[in-house]
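# Structure assessment
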Amino acid sequence: MEINGVWRIQHFDVGQKRPMEMASPNLDDRFWITAQVPGDVHSALIERNIIDNPYFGHNDAKSLWIEQKEWWYRTQFDYVKQANSDERHQLIFEGLDTFATVYVNGLEIGTTDNMLMAHTFDVTKILRDGRNSIAVKFDPLYLHNRDKEQFQWSSYTKERPWLRKAAMNFGWDWGPRMVTVGIWGKVRLESNRMAKLESVYARTISVDEGEAIIRIDAEVTPYAKDQDLLCEVKLLTKDGHTAVSEQLEIKQNKGSVELVVLSPELWWTHDLGEPYLYELEVVLIANDERVDRYRKPFGIRTIELQLKDEADQHAFAFIINGVKLFAKGSNWIPADNFIGAIPDQRYRDLIALSVDSNMNMLRVWAGGIYEKDVFYEECDRRGVLVWQDFAFANALFPEFNKNFMNNVREEVMYNVKRLRNHASLALWCGNNEIDWLYDMKSAAGDITSPFYGEQIYHELIPEVLEALDDNRPYWPSSPYGGNDANDPDVGDRHNWQVWHGSVYPRKFGDVPLLDYSIEGVTFKNYKKDFTLFSSEFGMHASANRYTLEKNIPAGQFYWGSVEMAYRNKDTNHQKGILLMEGYTGIPQNIEEYMNFSMLTQAEGLKYGIEHYRRNKKRISGSLVWQHNDSWPGTSWSLIDYELLPKASFYYAKKFYHPLLLSVDHEPGQSLHIWVVNDRVEAFKGQVRVAVYDFNGSEVYSTLLQADVPSNGAVQLGNLTEAEILNGRAAEEVVVKLTAVDFEAPDNLHYLRDQKDLNLSAAVLKVEVDAKEQTVTITAEGSLARMVKLDLPQGNVRFSDNFFDLLPGEQATVHISDPRGDKVSLDALKVSAINV
């Protein structure tokens, strides 16, 4: 039973009110504020117009008072309690943020100190037949960390290491400080009699030709002695037929059984096959009576992390069902700063966008939360793998404190049990950047203390996983491996030479260096990177016009305004200028900033990811920083806060496509033509290489034979600049690759940087069909660079955007709303950089 009636909230100064008075079932709370649960205080105050939207302008500064107050939640509910019943009743809070005291019917039933897990309370003896009350008191955080030791390192704020709370609440380099409080998960009352299914653990042991072996472990809590306990276990197909069934005997409250599934349908990432999901049902029977049931989707698949290849060389590759995967994806941060109030549909939209851009993996970053169930359910359904960080990011943590470590152990155990049955879950990772940055900051002299927290990632978590999830790989940190925790030759790597200007190579113990220059931050440095797996890299781009205009005060939407600068929480805003200066030139107005930053990000990611993919024999993955935004800011994201994709998202549809045509080239050097194939099938055909001047005249063309092996990359040939230019200037042509006899998206390659191209003014002919929800665009006169469609609406989808058109070329773009509503095209604007 979900307790989802009317909740009310109110705040007080610390010590202003007696807790038992506020918790009393008879308290008159009719003048309190109504609030949604799940949710948070900020969202409730915004909904009731009590605070101004913190995302608009500088309004976040107006809401800082919220974190200084004591907050109370109250509700009432009716329950029919059977007389003389042997039922046990548990009150479950799926998310309490963070230091809470819980009262039921005026009685204190317990306290909590961890946002990142659920909390369960036995209320059997205090639950009443009829009207019941719940009250929850939330302490301000400072009461629990003001007297604690401050460590030498905790990024963005020194106050958070003692708090098991989403780190990004305190601000990050892509979002503001927004310290939330409240009931952020569902509240449920569970009733059981005789016995309860405490947990079910299901995993694929092996997949051989014609059969799969599935192991099911069940853990039971009996409420009486000497009961006959067993479980009926079934695996059901999509159409509801029983694929296999067995009985599982319970002895000493535990039991295991293996299911043999003949001719199994396997779960694949969406780019390799169907993410087939069975339904797993486990029914607990006590003394011949059915007393509890577990029923969830289940995918049959094997997943391995390959750390040595066939030649015994270092590797870092995911192997799914025996197939080596090139991981194509991005890093996921919380979908909003107000985590409790995020609608499920926002998760579905963001994951649908990842599939639309041909991603097969999302990394859940350590500075947020262990995501809500809907996230993993949707990844299961859509065929997207999940790299799951444990919630430890960029800080030292008090491993020497017994209470803290017990809290961490409970958090880890809870989330491992909660998530381990998801087919999409591919990897557990101990932390974000802590091992690497501890070394760098120690070498720089910023840290002289021991590595506080090391025990968590290298002892505690592995111990828990060995006991609770022995069928999934674990990696201690990201990045991690080798003589340098960010070693390109061992483990995974974060490439922050591009954008942050980190000077590579760097070895363990070397003082870290930064190079803030065009050459130091340019995306051309990606080609120097022959990592085994690039798990973080990226660069900023502006949010879309609608997202910025909606959240910036009138008169402040211009390049160089204080309000525009406030959207960027990164240090040293010069980095973005340097990147644009090197590729597009420095913007002179807001329109150029939006265009130049988006084009630089898109072309830069294309440059790096095509390099990684061409070298797939060594490199096995690229996860862009970052997928989404938690507020309407300027950041590394591919999709802005209003769920409007940036140019890089549409580029990703091509550079992450399973079949990639690619040009490896630097100015003045030969062009190397490649085809990359991430599919199991081999392909044969031709690739047409055509060169056009910007007026649309063909300067050169040739056909190259393409014999593309399964899951491989092949270089088709080399062409010199002189050969393809036929006397034309390199600044006046574009190279176009087209697949013949197999399906791969066309790819355009410019021989020089955007700022050096001799583009003439283009004209766009635009035809809008409101009924069909399409826009047809034709370029005239000159190549149109980065054709952009803009609508003043959030979460609108274009089948394509931010594309180039040669003169005479025509593109028809379909426009849709994921909710199925018709989109008004009255305010549509179509532009291009040179229009």
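Here's what I pulled together on the structure shown here. Because the structure is a prediction, the values reported are computed rather than measured. (Residues numbered from 1 in each chain as written. Predicted model: local features only at pLDDT ≥ 70, side-chain atom pairs only at ≥ 80, totals over all residues. Heavy atoms only, no water.)

### Notes on the side chain of Asp 60
Definition in use: Think of it this way: any DSSP run of H or I at least four residues long counts as a helix, any run of E at least two long counts as a strand, and we number them from the N terminus. Only protein chains enter the area calculation, which uses a 1.4 Å probe; residues under 20% of their type maximum are buried, those over 50% are exposed, and those in between are partly exposed. This count recognises Lys and Arg as positive and Asp and Glu as negative, with His and chain-terminal groups excluded. Throughout this description, the term salt bridge denotes a Lys or Arg side-chain nitrogen within 4 Å of a carboxyl oxygen of Asp or Glu. Two N or O atoms count as a polar contact when they lie within 3.5 Å, although within protein this holds only if one can serve as hydrogen donor and the other as acceptor, and sequence-adjacent residues are included solely when both atoms are side-chain atoms. For this analysis, residues touch if any pair of their heavy atoms sits within 4.5 Å.
Mapped onto the elements, Asp 60 comes out in the loop between helix H2 (41–47) and strand E3 (70–79). At 4.9 Å, Lys 569 is the nearest oppositely charged side chain to Asp 60, a buried residue that forms no salt bridge. Side-chain polar atoms of Asp 60 contact the side chain of Tyr 566, separated by 2.9 Å. Leave out the neighbours within four places in its chain, and Asp 60 touches Pro 54, Pro 176, Met 178 and Tyr 566.

### Here we look at a nonpolar patch on the surface
The cut-off we apply is this: Patch rule: a residue counts if its relative accessible area is over 30% and it has no salt bridge; like charges are joined within 9 Å, and nonpolar side chains (Val, Leu, Ile, Met, Phe, Trp, Tyr) within 5 Å. Each accessible area is a Shrake-Rupley result for a 1.4 Å probe, and residues are judged covered by the shown protein chains and nothing else.
A surface patch of nonpolar side chains, about 250 Å² in accessible area, is lined by Val 503, Val 511 and Leu 513. Tracing the chain through its elements places Val 503 in the loop between strand E29 (493–494) and helix H9 (518–521).

### Some details on the pattern of salt bridges
Inspection of the entire model under this criterion finds 61 salt bridges. Ionic pairing is found between Glu 190 and Arg 188, a salt bridge with its closest N-O pair at 2.3 Å. Notably, a salt bridge pairs Arg 618 with Asp 489, separated by 2.6 Å at the nearest N-O pair. Placement of Arg 618 in the loop between helix H13 (590–614) and strand E31 (621–624) and of Asp 489 in the loop between strand E28 (474–475) and E29 is noted, with a sequence separation of 129 residues between them. Here Asp 489 falls in the partly exposed class, since its relative accessible area comes to 41%.

### A look at the sheet that holds strand E23 (residues 323–325)
To keep it simple, the criterion reads: The pairing criterion is simple: DSSP has to find at least two bridges between the two strands. Axis lines are fitted through C-alpha atoms, for helices just across the contact stretch, and the angle between N-to-C directions can take any value from 0 to 180 degrees.
Strand order across the open sheet formed by 3 strands is E21-E22-E23, with antiparallel pairing between neighbours. Of all strands in the sheet, those with a lone pairing partner are strand E21 (303–308) and E23, marking the two edges. Within the sheet, the average angular offset between the axes of one strand and its neighbour, ignoring direction, is 40°. Bridge count for strand E22 (residues 314–320) against E23 is 3 bridges, and the pairing is antiparallel. The residue bridging Phe 318 from the neighbouring strand is Leu 325, located in E23.

### What about the pairing of strand E16 (residues 229–236)?
Looking down a regular strand, the side chains alternate between one sheet face and the other. Relative to strand E19 (residues 278–286), E16 runs antiparallel, the two being bridged by 8 bridges. Residue pairing for E19: Leu 236 is matched across the bridge by Glu 279. Bridge analysis of E16 against strand E17 (residues 242–249) gives 7 bridges, and the strand direction is antiparallel. Paired with Lys 234 across the two strands is Ser 245, which belongs to E17. As consecutive antiparallel partners, E16 and E17 are separated by 5 residues, and within that stretch Gly 240 has a phi angle of approximately 90°, a positive value.

### Looking at the sheet that holds strand E37 (residues 733–740)
With antiparallel pairing, 4 strands are arranged side by side in an open sheet as E35-E34-E37-E38. Here the strands that pair on one side only, and so sit at the sheet edges, are strand E35 (698–708) and strand E38 (747–750). Taken pair by pair, the neighbouring strands of this sheet meet at an average axis angle of 20°, ignoring direction. Of the pairings in the sheet, the one linking E37 to E38 comprises 4 bridges and is antiparallel in character. Looking at the pairing, Val 735 lines up with His 749 of E38.

### Here's the deal with the packing of aromatic side chains
Put simply, the test is: Only Phe, Tyr and Trp rings take part, Trp by its six-membered ring, and two of them pair if their centres are within 6.5 Å. Stacked means planes under 30 degrees apart, edge-to-face means over 60, and tilted covers everything else. As a reminder, the over-ring test applies to NZ of lysine and CZ of arginine, requiring each to be within 6 Å of the ring centre and within 35 degrees of the ring normal.
In total, this model carries 50 aromatic pairs according to the counting rule given. The interplanar angle of 70° and the centroid separation of 5.0 Å between the aromatic rings of Phe 316 and Trp 475 together place this pair among those described as edge-to-face. Note that Phe 316 is positioned in strand E22 and Trp 475 in strand E28, a separation of 159 residues in sequence. Summarising the burial analysis for this pair, Phe 316 and Trp 475 share the class buried. Among the aromatic side chains, those forming a connected cluster through ring pairs are Phe 316, Phe 318, Trp 387, Trp 475, Tyr 480 and Phe 533. Directly above the aromatic system of Trp 162 lies the positively charged group of Lys 148, at a separation of 4.8 Å from the ring centroid. In this structure, Lys 569 packs its charged tip against the face of Tyr 566, placed 3.4 Å from the ring centre.

### Observations concerning the packing of helix H12 (residues 574–583) against H13
What counts here: Should an angle fall under 35 degrees it is called roughly parallel, over 145 degrees roughly antiparallel, and 65 to 115 degrees roughly perpendicular, with every other angle called oblique. Note on residue classes: Ala, Val, Leu, Ile, Met, Phe, Trp, Tyr, Cys and Pro are nonpolar, Asp, Glu, Lys and Arg are charged, and everything else, Gly too, is polar.
With their axes 10 Å apart at the nearest point, H12 and H13 run at an angle of 80° to one another. Classed by the angle they form, the pair H12 and H13 counts as roughly perpendicular. Touching Leu 579, Met 580 and Tyr 583 of H12 are Tyr 593, Phe 596, Ser 597, Leu 599, Thr 600 and Glu 603, all from H13. Its residues placed into classes, the contact of H12 with H13 shows 6 nonpolar, 2 polar and 1 charged.

### Re the side chain of Asp 271
Locating Asp 271 in the fold gives a position in the loop between strand E18 (254–262) and E19. One polar contact links Asp 271 to Thr 269, side chain to side chain, over a distance of 2.6 Å. Looking at Asp 271, its side chain comes within polar contact range of the side chain of Asn 360, at 3.0 Å.

### What to know about the state of the cysteines
Heads up, the condition is: Put simply, a disulfide is two cysteine sulfurs that come within 2.5 Å.
As enumerated under the stated definition, the model contains 0 disulfides in all. The thiol of Cys 379 is not disulfide-bonded; the next cysteine sulfur, from Cys 429, is found 17 Å away. Looking at Cys 379, the relative accessible area reads 0%, which means it is buried.

### Observations concerning unusual backbone geometry
Here the residue pair Val 37 and Pro 38 is connected by a cis peptide bond, since its omega of 5° sits within 30 degrees of zero. Along the polypeptide, Pro 38 turns up in the loop between strand E2 (33–35) and H2. The omega torsion of the bond from Trp 625 to Gln 626 falls at 10°, within 30 degrees of zero and hence cis. Note on placement: Gln 626 falls in the loop between E31 and helix H14 (647–655). Even without glycine at this site, Gln 252 takes up a positive phi of about 50°. Tracing the sequence through the fold places Gln 252 in the loop between E17 and E18. Relative accessible area serves as the criterion here: at 78%, Gln 252 is assigned to the exposed category. Non-glycine residue Asn 795 carries a positive phi angle of around 50°. Among the secondary structure elements, Asn 795 is positioned in the loop between strand E41 (784–790) and strand E42 (797–798).

### Looking at the environment of Val 261
With respect to the helices, strands and loops of the structure, Val 261 is situated in strand E18. Using a relative accessible area of 1% as the deciding quantity, one classes Val 261 as buried. Note: C-alpha distance between Val 261 and Ile 300 (39 residues apart in sequence) is 9.4 Å.

### Details of the environment of Trp 332
Note on placement: Trp 332 falls in strand E24 (residues 327–332). In this structure the C-alpha to C-alpha distance between Trp 332 and Glu 274, which are 58 residues apart in sequence, comes to 23 Å. Not counting residues within four places of it along the chain, the set of residues in contact with Trp 332 comprises Tyr 347, Leu 350, Ile 351, Leu 362, Arg 363, Val 364, Trp 365, Glu 371, Phe 375, His 627 and Asn 628. At 3.0 Å, the side chain of Trp 332 and the side chain of Glu 371 are in polar contact.

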